Amino acid sequence: MSERLPIAVLVSGLGSNLQALLDTVHGREAEIVAVASSAEDATALDRAAARDVPTAVFARSLYADRDARDAALADWLAQRGARLVVLAGYMELLGEEFLERFPEGVINVHPSLLPAFPGLRAIEQALDYGVKVFGVTVHFVDAGMDTGPVILQRSVELPDAREPQEVLAALRPLEHAMLAQAVALIAAGALRADPGNPRRRVIDLESVGAHVA
Ligand code: GRF
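**Q** Please clarify how the pairing of strand S1 (residues 5–11) should be interpreted in this entry.
**A** Consecutive side chains of a regular strand alternate in pointing toward one face of the sheet and then the other. Of all seven residues in S1, seven are buried; the element is thus mostly enclosed. Relative to strand S2 (residues 30–37), S1 runs parallel, the two sharing seven bridges. Of the residues in S2, the one forming a bridge with Ala8 is Ala34. In this region the chain leaves S1, passes through helix H1 (residues 16–23) and returns to the parallel neighbour S2; the handedness of that crossover is right-handed. Two elements, S1 and strand S4 (residues 84–87), share four bridges in a ladder whose sense is parallel. Counterpart to Ile7 in the pairing with S4 is Leu84.

**Q** I keep staring at the environment of Leu185 and nothing clicks. Help me out?
**A** Mapping Leu185 onto the fold places it in helix H6 (residues 164–187). Residue class for Leu185 comes out buried when judged on its relative accessible area of 0%. When the C-alpha atoms of Leu185 and His26 are compared, they prove to be 14 Å apart, with 159 residues separating the residues in sequence.

**Q** Please explain the sheet that holds S1 as it appears in this structure.
**A** Sheets are built from strands paired through backbone hydrogen bonds, the pairs being either parallel or antiparallel. Strand order in the open sheet formed by seven strands is S3-S2-S1-S4-S5-S6-S7, with mixed pairing between adjacent strands. Looking along the sheet, the strands with just one partner apiece sit at the ends: strand S3 (55–57) and strand S7 (150–157). Each strand of the sheet is rotated relative to its neighbour by a mean of 20°, with strand direction disregarded. Both S2 and S3 contribute to a ladder of three bridges, which runs parallel. Note on S3: the bridge partner recorded for Ser37 is Val57. In the packing of H1 onto the sheet, the strands contacted are S1, S2, S4 and strand S5 (106–110), and the crossing angle to S2 comes to about 160°. Across the sheet, H6 touches S1, S2, S4, S5, strand S6 (133–140) and S7, and the angle it forms with S7 is around 155°.

**Q** Mind showing me how you'd approach the pattern of salt bridges here?
**A** One side chain can pair with another of opposite charge once the charged atoms of both are near each other. In this structure the tally under the stated criterion is 10 salt bridges. Where Asp75 meets Arg101, a salt bridge forms, and the shortest distance between an N and an O atom there is 3.0 Å. Remark: Arg101 occurs in helix H4 (residues 96–101) and Asp75 occurs in helix H3 (residues 66–79); sequence separation between them is 26 residues. As a salt-bridge pair, Arg172 and Glu175 come within 3.6 Å of each other at their nearest N and O atoms. Placement of both Arg172 and Glu175 in helix H6 is noted, with a separation of three residues, approximately one turn of the helix.

Conventions and cut-offs
Residues numbered from 1 in each chain as written. Predicted model: local features only at pLDDT ≥ 70, side-chain atom pairs only at ≥ 80, totals over all residues. Heavy atoms only, no water. Buried < 20%, exposed > 50% of the residue type's maximum accessible area, 1.4 Å probe, protein only. Helix = DSSP H or I, 4+ residues; strand = E, 2+ residues; numbered from the N terminus. Pairing = 2+ DSSP bridges. Right-handed = clockwise from strand over helix to strand, strands pointing away. Axes fitted to C-alpha atoms, helices over the stretch in contact; angles between N-to-C directions. Contact = heavy atoms within 4.5 Å. Salt bridge = Lys/Arg side-chain N within 4 Å of Asp/Glu carboxyl O.

Next up, the structure:
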């Protein structure tokens, strides 16, 4: 098996997506070398500590501005050797300078079929709109709000859904599986840009095992 991809996971709260990564790709296709949180009391920090993954808190209040916070965060992640940064419920925007430190190296999981319903409260936005098909997107992060190239998307039909909790319960298992799959694909070098459309990412199935395809 090829070398494990060193990844960092950025969190702000519960950390169920972090847990999914700890339970699947960690120690296999990837090694989680750092977990950074924007909130001191994030349950995600306990999940990382339980698996002896180094953690740190980068609260906005501790820095002069966002750029200063981002620079300190990027320095720590680089020191830990992270080559991919996974946003897993990270509730802060990252500035361009941070993204330039990890080119094509930051991914996010979002609970809607982008470009529909970017930003906060995506499930509530979708319910308010009255959609009948919901979904999850894993995408590269660029300087916009959930605007980077799509890696994976999956949908679920919930024509009668009315409550955010109901939709969240249906989307959670998709998020967990898709985020792990995206990490495994990137670790295998199985994603490339489509020469005919630079926004489109092609999955090279020949270079991955069946469990990540
Ligand atoms: C997920 O629903 C994700 O789509 C969104 O934030 C939530 C994080 O959940 N970006 P968790 O902290 O991973 O449990």
